[in-house]
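Examining the three-dimensional arrangement
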Amino acid sequence: MPKAEKPLAWLGGEIKTPPLSAEARLEAGMFLRQLQRGESLTMPHSRPMPTIGPRCHELRIRDVQANWRVIYRIDPDAIVILDVFSKKTEDTPVNLIRRCRERLRRYDEA
């Protein structure tokens, strides 16, 4: 019997065209589907984000005009999407890290 796919729990951000190209949107969807099926993603597609919290990761999507990031956490019952943003600098913005932590805190309390 196939394993049930985990639902996506969207706490922030969205993946749509525009601003993402159709190709980047499809790639993001493919990676999210893999995560829902319980598959592990590694570099260069995903990397851990321990500064946000345990089980948190950054999905990396290269696009024609920008590099996109999808911050997510792998929970036993869902893939929790914390934010989607265009990466413009090497470091993840501190305000984004704070926002993701706050979203997780509220989600975990609910």
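Everything below is about the structure shown above.
The paragraphs below set out a description of the structure included in this document. (Residues numbered from 1 in each chain as written. Predicted model: local features only at pLDDT ≥ 70, side-chain atom pairs only at ≥ 80, totals over all residues. Heavy atoms only, no water.)

Comments concerning the overall build of the protein
Broken down by element type, the protein carries 2 helices and 5 strands. Along the protein, helices and strands appear, N-terminal first, in the series β-α-β-β-β-β-α. Its C-alpha radius of gyration of 13 Å places the protein within 12% of the 13 Å reference for a compact globule of 110 residues. Expressed along its principal axes, the backbone C-alpha trace of the protein runs to roughly 40 × 35 × 25 Å. Here the protein holds 110 residues, and 43% of them are scored as buried. (Helix = DSSP H or I, 4+ residues; strand = E, 2+ residues; numbered from the N terminus. Rg over C-alpha atoms; globule rule 2.2 N^0.38 Å. Buried < 20%, exposed > 50% of the residue type's maximum accessible area, 1.4 Å probe, protein only.)

Some points on the pairing of strand S3 (residues 56-62)
Taken residue by residue, a regular strand's side chains alternate between the two faces of the sheet. For S3, the tally of buried residues reaches 5 of 7 residues, placing the bulk of the element in the interior. Strand direction decides the pairing type here: strand S2 (residues 46-48) and S3, joined by 3 bridges, are antiparallel. Each residue of the ladder has a partner; that of arginine 47, found in S3, is glutamate 58. Relative to strand S4 (residues 67-74), S3 runs antiparallel, the two being bridged by 7 bridges. Directly across from leucine 59, in S4, lies its bridge partner valine 70. The hairpin turn running from S3 into S4, its antiparallel successor, is 4 residues long. (Pairing = 2+ DSSP bridges.)

A look at the layout of surface pockets
There is about 160 Å³ of room inside the largest pocket. Forming the walls of the largest pocket are Glu27, Met43, Pro44, His45, Arg60, Ile61, Arg62, Asn67 and Arg69. Contributing elements (two or more residues each) for the lining of the largest pocket: S3 and S4. A total of 3 residues in the lining of the largest pocket trace back to one element, the largest contributor, which is S3. Its residues placed into classes, the lining of the largest pocket shows 3 nonpolar, 2 polar and 4 charged. (1 Å grid on protein atoms, 1.4 Å probe; cavity = no way out; pocket = protein on both sides within 12 Å on 5 of 7 lines; lining within 4 Å. Points joined across faces, edges and corners; volume = space filled by probe spheres on them. Nonpolar A, V, L, I, M, F, W, Y, C, P; charged D, E, K, R; others polar.)

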